[in-house]
Structure formats: structure tokens, C-alpha cells
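Next come the chains, spelled out residue by residue.
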Amino acid sequence: MKILKMAITSMAFVLATTIAPMAPAQQTDTKPLYERLGGLKGVTVVVDDFINRLVANKTLNKNSAINAGRKSSPAPYLKFQVAQLICELSGGPCKYTGQAMKESHTHLNISEKEWDVMAKEFQKSLDKFKVPAAEQKELFDMVGKTKADIVVRK
Ligand code: HEM
């Protein structure tokens, strides 16, 4: 019995000393994306620039439905709603209270090409504020999930 106890104790010691030093190297950054973006300050600064680019984009404004949408939803309102949404989706403390993506975009008749134009503008804002590549990818994956609800034609 005593020998068995000693064997278990020494096995536990060997396991603890071999696994413990490996643990930190295997750990990834578990901070929520929201925090890695710099919290609400980081999110709002990027969204502000992004919406400024979108509302000024000539290709998007050629679509008369998008252009009309700009009038019914002024830029400051869009900035507020989009910031709330990104804050919530990235793990922040906000609660998005706007309309669902399908509801707010179907009537805008958005095409694949217009989606790509939007994505390029988003990329420019992320680059401007030096959002690192890993966080950019997470954001694009997150935003990409809304595409099926937003794009309604080729
Ligand atoms: C080509 C891409 C897009 C265009 C042209 C676009 C344009 C617009 C326009 C014009 C409105 C106002 C609609 C109206 O009042 O009739 C709107 C609303 C909104 N958009 Fe987009 N959008 C695009 C993609 C996205 C994406 C990718 C997101 C977020 C992931 C987003 C989030 C929102 C939100 C949160 C609202 C406000 C919803 C509400 O009124 O409650 N949009 N968008």
C-alpha cells in the first residue's frame, strides 16, 4: 500500500513538472476581440471612419435604393447602430437594439459587387487605424456571416 502511494505521488510529480512548463506556450490570447480592438474607443473610431467612407462612395450611391437609405438613416445614426452591433458581436458589453440585417438591407437591392466595394472600404479603415491582421480576419469573418442577409443579387 505504501509503495503504491509512493508510486502515485512520484507519477503525479513527473506529470506536473512535464505538463506545467508547456502550458503557457500553448495558451492563446483569450481576451475577447472587443478588448483587443481597444474597447468602445477602438470600435467607434474605426466605425466612424468606415461609415464616412461608405456614405461618400460613388459606386454605392449610384444604387438609388442605397442613396435613399442614406437619407432615411443619417450617418450619425448608422455609426451608432453599427458600433453597437460590432461591440456586441465582438464580445463587448453593448446590446444591439437596431433592426435585423435582412430587415434593414433587403430593400437596398445590394449586389455582390457593392458588397466587395463595402469590404474594400472596411479594409481601408482597419488599415488606417493599424488593426492587426489577426483581428482584421476575425472582424471579416464576423461581418461575412451577415452577407447572406444583406446581398440580394449578383
Ligand atoms: C454593401 C454593404 C452595405 C451597404 C451599402 C449598407 C447600407 C446601409 C444603409 C443605406 C442603411 C440604412 C437603410 C435605411 O434606413 O433604409 C443601413 C443600415 C444598417 N446597416 Fe448597412 N450596409 C451594408 C452592409 C452592412 C454590414 C456588413 C453591416 C454590419 C455587419 C451593416 C450594418 C447596418 C446596421 C446596424 C444598420 C442600421 C439598422 C437599423 O436601422 O436598425 N450594414 N445599411
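The model shown is predicted, which means the values in this text are computed figures rather than measured ones.

Peer 1: What is the right way to look at the overall build of the chain in this model?
Peer 2: Along the chain, the regular secondary structure elements total 11 helices and 2 strands. Listing the helices and strands of the chain from first to last along the sequence gives α-α-α-α-α-α-α-α-β-α-α-α-β. Across the chain, contacts joining residues at least 24 apart in sequence account for 79% of those joining residues at least 6 apart.

Peer 1: Honestly, the site of the ligand in this entry has me stumped. Any pointers?
Peer 2: Around the ligand lies a shell of 22 residues, among which Gly69, Ser73, Gly98, Gln99 and Met118 are the nearest. Elements with a contribution of two residues or more to the shell around the ligand: α6 (64–72), α7 (75–89), α8 (101–105) and α9 (112–128). When grouped by side-chain class, the residues that make up the shell around the ligand number 11 nonpolar, 9 polar and 2 charged.

Peer 1: When you look at the confidence of the model for the chain in this model, what are you seeing that I'm missing?
Peer 2: If pLDDT is low for a region, its predicted coordinates should not be looked at in detail. On average, the chain scores 88 in pLDDT, and the residues at 70 or more come to 81%. Confidence drops under a pLDDT of 50 for residues 11–23, and excluding neighbours within four residues, the segment shows 0 contacts in the predicted structure.

Peer 1: I would appreciate a short explanation of the nonpolar core in the present structure.
Peer 2: As a rule of thumb, soluble globular proteins bury nonpolar side chains together. Membership of the largest hydrophobic core comes to 21 residues, with the highest contact counts inside it found for Val43, Val47, Phe50, Val82, Ala83 and Ile86. Among the elements that make up this core, the one with the highest residue count is helix α4 (residues 39–56) (6 residues). Not counting chain neighbours up to four residues away, the residues in contact with Val43 comprise Leu37, Ala83, Ile86 and Cys87.

Peer 1: Could you clarify how one ought to interpret the packing of α4 against α7 in this entry?
Peer 2: α7 packs onto α4 with a crossing angle of 135° between their chain directions and a minimal axis gap of 9 Å. Relative to α7, the element α4 lies oblique. Crossing angle aside, the handedness with which α4 passes α7 is right-handed. Residues Leu40, Val43, Thr44, Val47, Asp48, Ile51 and Val55 of α4 touch α7, and the partners they reach there are Ala75, Leu78, Lys79, Val82, Ala83, Ile86 and Cys87. Its residues assigned to classes, the contact of α4 with α7 comprises 11 nonpolar, 1 polar and 2 charged.

Peer 1: Could you clarify how one ought to interpret the environment of Glu121 in this entry?
Peer 2: Tracing the chain through its elements places Glu121 in helix α9. On the basis of neighbour count, Glu121 is assigned to the buried category, with 20 C-beta atoms found within 10 Å. Apart from the residues lying within four places of it in its own chain, the contact partners of Glu121 are Phe50, Arg53, Leu54 and Asn57.

Peer 1: Sorry if this is basic, but what is going on with the packing of α4 against α9 here?
Peer 2: How two helices sit against one another is set out by the angle between their axes and by the gap between those axes. The contact between α4 and α9 brings their axes to 9 Å, and the two run at 140°. The orientation of α4 with respect to α9, classified from their angle, is oblique. The two elements α4 and α9 meet at a crossing, and its hand is right-handed. Mapping the contact onto sequence places Val46, Asp49, Phe50, Arg53 and Leu54 in α4 and Met118, Glu121, Phe122, Lys124, Ser125, Leu126 and Lys128 in α9. Taken together, the residues of the contact of α4 with α9 break down into 6 nonpolar, 1 polar and 5 charged.

Peer 1: Please explain the environment of Pro132 as it appears in this structure.
Peer 2: In this structure, Pro132 sits in the loop between α9 and α10 (133–144). Judged by C-beta crowding, with 11 C-beta atoms within 10 Å, Pro132 ranks as exposed. Here the alpha-carbon distance between Pro132 and Leu37, two residues 95 residues apart in the chain, equals 9.0 Å.

Peer 1: Where do I start with unusual backbone geometry in this structure?
Peer 2: Within the chain, Asn109 stands out as a residue other than glycine whose phi angle is a positive 55°. Mapped onto the fold, Asn109 is located in the loop between α8 and β1 (110–111). Residue Asn109 is classed as partly exposed on the basis of its C-beta count, with 15 C-beta atoms lying within 10 Å. At Lys130, a residue that is not glycine, the phi angle is positive and equals roughly 55°. Take Lys130: it is sitting in the loop between α9 and α10.

Quick notes on the rules
- Residues numbered from 1 in each chain as written.
- Predicted model: local features only at pLDDT ≥ 70, side-chain atom pairs only at ≥ 80, totals over all residues.
- Helix = DSSP H or I, 4+ residues; strand = E, 2+ residues; numbered from the N terminus.
- Contact = placed C-beta atoms within 7 Å.
- Near = placed C-beta within 6 Å.
- Nonpolar A, V, L, I, M, F, W, Y, C, P; charged D, E, K, R; others polar.
- pLDDT = per-residue confidence, 0-100.
- Core = buried A, V, L, I, M, F, W, Y, C linked by C-beta atoms within 7 Å.
- Buried ≥ 20, exposed ≤ 12 C-beta atoms within 10 Å, placed from the backbone.
- Axes fitted to C-alpha atoms, helices over the stretch in contact; angles between N-to-C directions.
- Parallel < 35°, antiparallel > 145°, perpendicular 65-115°, else oblique.
- Left-handed = near helix turned anticlockwise from the far one by under 90°.

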